[in-house]
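What the coordinates show
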Amino acid sequence: MELACTDEEEEFRARLREWLAAELPGLPPKPDPLDWPARRAYDCGWQRRLYDAGYGHVHWDASPTQRLIFLEETERAGAPYVGANFVGLLHAGPTIAAEGTPEQRARWLEPVLRGDEVWCQGFSEPDAGSDLAALRTRAVRDGDAYVVTGQKIWTSHAEAADWCELLVRTDPDAPKHRGITWLAMPMDAPGITVRPLRTLAGSTEFAEMFLDEVRVPVGNRVGEENDGWRVTMVTLSFERGTAFVGEVVACRRVLGELARTARENGTWDDPVLRRRLGRLGAEFQALWRLTQWNVSEAQASGGVPGTGGSVFKLRYSHARQELYDAAAAVLGPDALDLAREWNQDRLSSLSYTIAAGTSQIQQNIVAERILGLPKGR
């Protein structure tokens, strides 16, 4: 299927292309990926340029089709990725826009759009594994605040963040999916300890976070107390449904570059490799069509992606890994050189079948919520 765009949306695409062509040549060089202060300044500086040009709103205050056009065009033009703004723009921001009070939207959304504040995600815990609802971090109500104690792991961008979208257990006696609350926690609050975790590529994209009686105002609760699992499903629908859209475009671009490199270095003569690249071309074409379908569904349902995002995330995670395995086959011995293009991405692709919900969890969601199969015993 093709996603039909209105005349207004096509005008939006044309204006965006013209602006990107004028703006991108003037960007400063990308910073060292190990230098978090510089990375944050670069990413937030780009977000401020988008905001000043009228494009900062697209992640939640635009139609799903406009959002898709924006992600497609910025990736094709080679614009900077959201980087340090990932959680704020693609997870927490859309959730607050959908579930927050008018006061909360006024407080938190504009600073994210301007690039003034960075968010991190405090969902996963060491003892919960893939069962997110088994979290144990406690929040006890004390007057106008929750007192939070516990530990989080794989806390995305915690070392650079001002705020954390945090899941806590507010009723330990309730069924595990019903005793959870979604909080916005200020990262400068007393009692927070952040320890960065180094990845295979050497960077620190994640951290473990220790919370020792951290006080979070009750006014920072998004949704009702003990209704956090429902709010979390809204967050995850964005994380799995639209957050990877730009990356699909990037993978299709990388695939074309792989084919050109294979022709230049002679590996194109291998018919097995050619079939492999051809199949990947079909995979990413299908994923792009699925993305368009998900966007159409979201537009029809008020802007929140549905469970189709799990289908997309499941297949995309594996297709990305297969793409960079193919890149290693094209590069040959150079695949061991981390300074070469694609090799860092190959390392990062290993995490995709775990991050944002493991493939096993996505398979359960597809089986139970989409296909209506019974739960395992």
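Refer to the structure above for everything that follows.
Okay, so let's go over this structure. Position labels on residues start from 1 in each chain and follow its written sequence. pLDDT decides what is reported in this predicted model: residues at 70 or higher carry local features, side-chain atom pairs at 80 or more are listed and counted, and totals for whole chains, interfaces and linings draw on all residues regardless. With hydrogens and water excluded, all non-hydrogen atoms of the structure serve as input to the side-chain values.

**Overview of the overall build of the protein chain**
Helix and strand definitions follow DSSP, with helices as H or I runs of at least four residues and strands as E runs of at least two, each counted in order from the N terminus. Counting its regular elements, the protein chain contains 11 helices and eight strands. Sorting the 377 residues of the protein chain into buried and exposed places 52% on the buried side. Pairs of residues are marked as contacts when any of their non-hydrogen atoms sit within 4.5 Å. Taking all contacts inside the protein chain whose residues are at least 6 apart in sequence as the whole, residues at least 24 apart take part in 73%. Surface exposure here means Shrake-Rupley accessible area, sampled with a 1.4 Å probe, where a residue is shielded only by the protein chains that are shown. Carbon and sulfur atoms make up 52% of the accessible area of the protein chain, which totals about 17,200 Å². Buried residues are those whose accessible area, probed at 1.4 Å on protein chains only, stays under 20% of the maximum for their type, while exposed residues exceed 50% and partly exposed ones sit between those limits.

**Some points on the pattern of salt bridges**
Any Lys or Arg side-chain nitrogen found within 4 Å of a carboxyl oxygen on Asp or Glu counts as a salt bridge. If you walk through the whole model with that rule in mind, you get 23 salt bridges. Of the charged contacts, one joins Glu10 and Arg13 as a salt bridge, the two residues approaching to 3.4 Å between their closest N and O atoms. Pair noted here: Glu10 and Arg13 are both in helix α1 (residues 7-23), with a separation of three residues, about one helical turn. The class of Arg13 is buried, set by a relative accessible area of 12%. One salt bridge connects Glu257 with Arg253, and the closest N-O pair in it is separated by 3.3 Å. With a gap of four residues between them, Glu257 and Arg253 both fall in helix α7 (residues 245-265), about one helical turn apart. Residue Glu257 is classed as buried on the basis of its relative accessible area, which comes to 19%. It is possible to trace a salt-bridge network through shared partners that takes in Glu10, Arg13, Arg17, Glu72, Glu73 and Arg76.

**Some words on helix α5 (residues 102-114)**
In a helix, the anticipated span is given by 1.5 Å times the number of residues less one. The first and last C-alpha atoms of α5 sit 18 Å apart over 13 residues, in line with the 18 Å expected at 1.5 Å per residue. Residues Gln104, Trp108, Leu109, Pro111, Val112 and Leu113 constitute the buried set of α5. Residues of α5 that are buried in the fold lie against α2 (36-52), α4 (86-99), β1 (119-122), β4 (163-169), β5 (180-186) and β8 (221-222).

**Points about the side chain of Glu125**
With respect to the secondary-structure elements, Glu125 resides in the loop between β1 and β2 (138-142). Each polar contact in these results corresponds to two N or O atoms within 3.5 Å; when the atoms are within protein, one needs to be able to donate a hydrogen and the other to accept it, and residues that are neighboring in sequence are counted only if both atoms are side-chain atoms. A polar contact of 2.7 Å, which involves the side chain of Glu125, links it to the backbone nitrogen of Arg136. Aside from chain neighbours lying at most four places away, what touches Glu125 is Leu135, Arg136, Thr137, Gln151, Lys152 and Ile153.

**Notes on the state of the cysteines**
Note that a disulfide, as used here, is simply two cysteine sulfur atoms within 2.5 Å. This model, assessed by the stated rule, comprises zero disulfides. With no disulfide of its own, Cys120 lies closest to Cys164 among cysteine sulfurs, the gap being 3.8 Å. For Cys120, a relative accessible area of 0% translates into the label buried.

**Remarks on the packing of aromatic side chains**
By convention, a stacked pair of Phe, Tyr or Trp rings (six-membered ring in the case of Trp) has centres within 6.5 Å and planes under 30 degrees apart, an edge-to-face pair has planes over 60 apart, and any other such pair is tilted. Inspection of every chain in the model, using the stated rule, returns eight aromatic pairs. Considering the side-chain rings of Trp19 and Tyr55, the 5.5 Å spacing of their centres and the 50° angle between planes classify their relative orientation as tilted. Taken together, the residues Trp19 in helix α1 and Tyr55 in the loop between α2 and α3 (64-76) connect sequence positions 36 residues apart. Accessibility expressed as a relative area gives 16% for Trp19, which makes it buried. Overall, Tyr55 belongs to the buried group, its relative accessible area being 8%. Summarising the aromatic geometry, the rings of Tyr81 and Phe86 are spaced 6.2 Å apart at their centres and angled 40° between planes, so their arrangement reads as tilted. Taken together through their ring pairs, the aromatic side chains of Phe12, Trp19, Trp46 and Tyr55 make up a single cluster.

**Looking at the side chain of Gln121**
Inspection of the secondary structure puts Gln121 in strand β1. On the basis of relative accessible area, Gln121 is assigned to the buried category, the value being 9%. One polar contact links Gln121 to His91, side chain to side chain, over a distance of 3.3 Å.

**Examining α2**
Compared with the 24 Å implied by 1.5 Å per residue over 17 residues, the 24 Å span of α2 between its first and last C-alpha is a close match. Along α2, the residues classified as buried are Trp36, Arg39, Tyr42, Asp43, Cys44, Trp46, Gln47 and Leu50. Where α2 is buried, its residues meet α1, α3, α4 and α5. Among the residues trailing α2, Gly54 stands out with phi positive, at a value near 95°.

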